[in-house]
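# An overview of the molecular structure
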Amino acid sequence: MKRVAVLGVTGSIGRQALEIVESHPELELAAAASGSQPIDGVAPLTQVGGDLTELLERAQPDVVLNAVVGFAGLPATLWALERGVTLALANKESLVAAGELALQARERGGGLLLPVDSEHSAAFQCLEGRTPEQVDSLVLTGSGGPFRGRTRDELEEVTPDEALAHPTWRMGPKITVDSSTLANKGLELIEAHFLFGLPYEHIEVVLQPTSVVHALVRFRDGATLAHLGYPDMRVPISFALTHPERTATPIPPLDFSQGLVLEFEQPDLETFPLLALARRAGERGGTFPCAFNAANEVAVAAFLEGRLSFLAIAATVEETLAAVAGAPARDLADLFEADAEARRLAEKELVA
Ligand SMILES: NC(=O)c1ccc[n+]([C@@H]2O[C@H](COP(=O)([O-])OP(=O)(O)OC[C@H]3O[C@@H](n4cnc5c(N)ncnc54)[C@H](OP(=O)(O)O)[C@@H]3O)[C@@H](O)[C@H]2O)c1
């Protein structure tokens, strides 16, 4: 019996995680948390907002599924890693902001860090059992979002509703906007760097518009392994929650009877600058990825509230990154400071 804590239980990932837990007798929902929506009775222990590590202390779960959105998920990520409690991580922002600290905590705790992000779950599976010397490079795939193929001029007037109409995935609003700007692929690039210990120059992003190929790993002998499947988050959620069993899900494997065409293309880094900005922030290291994430969170929230245009999301992040000092991320205090500074600067950029 695995006792699971689902953080972000009211969200897109959280609700799908509940479905997986309910369909597996060997999984027990020990605790659940949301940010503000009431969740009375969902689990024996619940918490709405506040410091989620208090809930985790009370629940002492075997697995934490962190599906909180944004930097707010960081304390729970570190709580699980520090204690060697298996962490099923959907909350990529925490690993982006605190990658080095998270890896140190995992080292001390000695537990499992299982990615829930579909691309990283796929890469994890392609990499399982390989040594670092065998690996040439990792290819993260992305759909390109609803605005793939558009020019900058065509993006001047796009609305939140248009950005929220993702072609292949149904997700929460923040990650859906991130997918439309390619910031999500940028966050995933940094996430992959920390998860798999690969230098940035060995991680490539390509677009695969139907989201059937989730990741590819190239090996030194010329072989490339790919992970394919229909785009459905219940597969990586189930993989992480039932690891290493890989239990059944309601999603069928690929059907080739009607044929299957796979097309790949390069992302347009000029029209969607957030991917290159994320790469640069990742390469600079220290508190830069944290600042990238914070500025992006501020800009996306302002866009969704109608206070910022679509193209100004990237401009806000770029200006913020140009203005932050950047420093080594030695402890959590450094990160909270970097996060707060970037949020302050980004808010100023919004009104400038
Ligand atoms: N959705 C996907 O398919 C997908 C795929 C890959 C990765 N991810 C990642 O998974 C995470 C969740 O995404 P999502 O799409 O499920 O988001 P979502 O639908 O917006 O749900 C977010 C969840 O986080 C909770 N929350 C927000 N702020 C919180 C806080 N301060 N403290 C505690 N809980 C808080 C929300 O609670 P309330 O409802 O009470 O606000 C909600 O349960 C993100 O990091 C995202 O990048 C998602």
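For the structure, check the block above.
Because the structure is predicted, anything quoted here is derived from the model rather than measured. Position labels on residues start from 1 in each chain and follow its written sequence. Totals for whole chains, interfaces and linings use every residue, but because this is a predicted model, local features are given only for residues with pLDDT of at least 70 and side-chain atom pairs only at 80 or more, for both listing and counting. Side-chain calculation: all heavy atoms of the structure are included, whereas hydrogens and water are not.

### A few points about the pairing of strand S7 (residues 135-142)
Heads up, the rule is: Summary of the burial criterion: residues with accessible area below 20% of their type's maximum are buried, those above 50% are exposed, and those between are partly exposed, where the area comes from a 1.4 Å probe applied to protein chains only. Each helix is a run of H or I in the DSSP string that is no shorter than four residues. Each strand is a run of E no shorter than two, and both are numbered from the N terminus. Whether two strands pair depends on DSSP finding at least two bridges between them.
Counting buried residues along S7, seven of its eight residues qualify, which places the element largely inside the surrounding structure. Relative to strand S9 (residues 213-219), S7 runs antiparallel, the two sharing five bridges. Paired with Ser137 across the bridge in S9 is Arg218.

### A short note on the sheet that holds S9
Our working definition: Between N-to-C directions, angles span 0 to 180 degrees; the directions come from axes that are lines fitted to C-alpha atoms, helices contributing only their stretch in contact. Any two residues whose heavy atoms approach within 4.5 Å are treated as being in contact.
The strand order S8-S7-S9-S10 describes an open sheet built from four strands, whose pairing is mixed. Both outer strands of the open sheet, strand S8 (203-207) and strand S10 (224-228), are each paired with one neighbouring strand and no more. Pairwise comparison of adjacent strand axes, ignoring direction, gives a mean angle of 20° for this sheet. Judged from the five bridges that link them, S7 and S8 form a sheet pairing that is parallel. Looking across to S8, one finds that Leu140 is bridged to Val205. Along the sheet face, helix H6 (residues 118-127) touches S7, S9 and S10 and points at about 35° away from the line of S9.

### Brief notes about helix H10 (residues 183-196)
Each turn of an α-helix holds 3.6 residues, which means side chains three or four residues apart point in the same direction. Heads up, the condition is: In a helix, the anticipated span is given by 1.5 Å times the number of residues less one.
Between its first and last C-alpha atoms H10 spans 20 Å; for 14 residues at 1.5 Å apiece the expected length is 20 Å, and the two agree. Counting buried positions along H10 yields 14 of 14 residues, so the element is predominantly enclosed.

### Here's the deal with the site of the ligand
Condition: Here, proximity means that at least one heavy atom of the residue falls within 4 Å of the molecule or strand. Two N or O atoms count as a polar contact when they lie within 3.5 Å, although within protein this holds only if one can serve as hydrogen donor and the other as acceptor, and sequence-adjacent residues are included solely when both atoms are side-chain atoms. The method behind every accessible area is Shrake-Rupley, applied with a 1.4 Å probe, and residues are considered shielded solely by the protein chains displayed. In this classification, Asp, Glu, Lys and Arg are treated as charged, Ala, Val, Leu, Ile, Met, Phe, Trp, Tyr, Cys and Pro as nonpolar, and every other residue, Gly included, as polar.
In the vicinity of the ligand there are 25 residues, among which Thr10, Ser36, Gln37, Glu93 and Gly172 approach most closely. In this structure, an oxygen atom belonging to the ligand sits 3.4 Å away from a main-chain N or O atom of Ala90. Against a free-state accessible area of 900 Å², the protein chains account for coverage of 86% of the ligand. Where the shell around the ligand is concerned, the elements lending two or more residues are helix H1 (12-22), helix H4 (92-97) and helix H9 (173-181). Classifying every residue of the shell around the ligand gives twelve nonpolar, ten polar and three charged.

### Notes on the nonpolar core
Applicable threshold: Here, the term nonpolar core denotes a set of buried Ala, Val, Leu, Ile, Met, Phe, Trp, Tyr and Cys residues that are joined through side-chain atoms within 4.5 Å.
Ranked by internal contacts, the top residues of the largest apolar core, which has 116 residues, are Leu7, Leu138, Phe196, Leu241, Phe292 and Ile313. The element best represented in this core is helix H13 (residues 288-304), accounting for eleven residues. Discounting chain neighbours no more than four positions away, the residues touching Phe196 are His120, Ala123, Phe124, Leu127 and Leu138.

### Considerations on unusual backbone geometry
Following His243, the chain continues into Pro244 via a peptide bond in cis, with omega recorded as 5°. Checked against the element boundaries, Pro244 lands in the loop between helix H11 (234-242) and helix H12 (274-284). Phi is positive for Gln60, which is not a glycine, with a value near 45°. Here Gln60 shows up in the loop between helix H2 (52-59) and strand S4 (63-66). Gln60 sits in the partly exposed class, given a relative accessible area of 43%.

### Quick notes on the environment of Val42
Its location among the elements puts Val42 in the loop between strand S2 (27-34) and strand S3 (45-48). With 109 residues separating them in the primary sequence, Val42 and Thr151 have C-alpha atoms 46 Å apart. Once you skip the residues sitting within four places of it in the chain, Val42 turns out to touch Val9, Leu18, Leu29 and Ala32.

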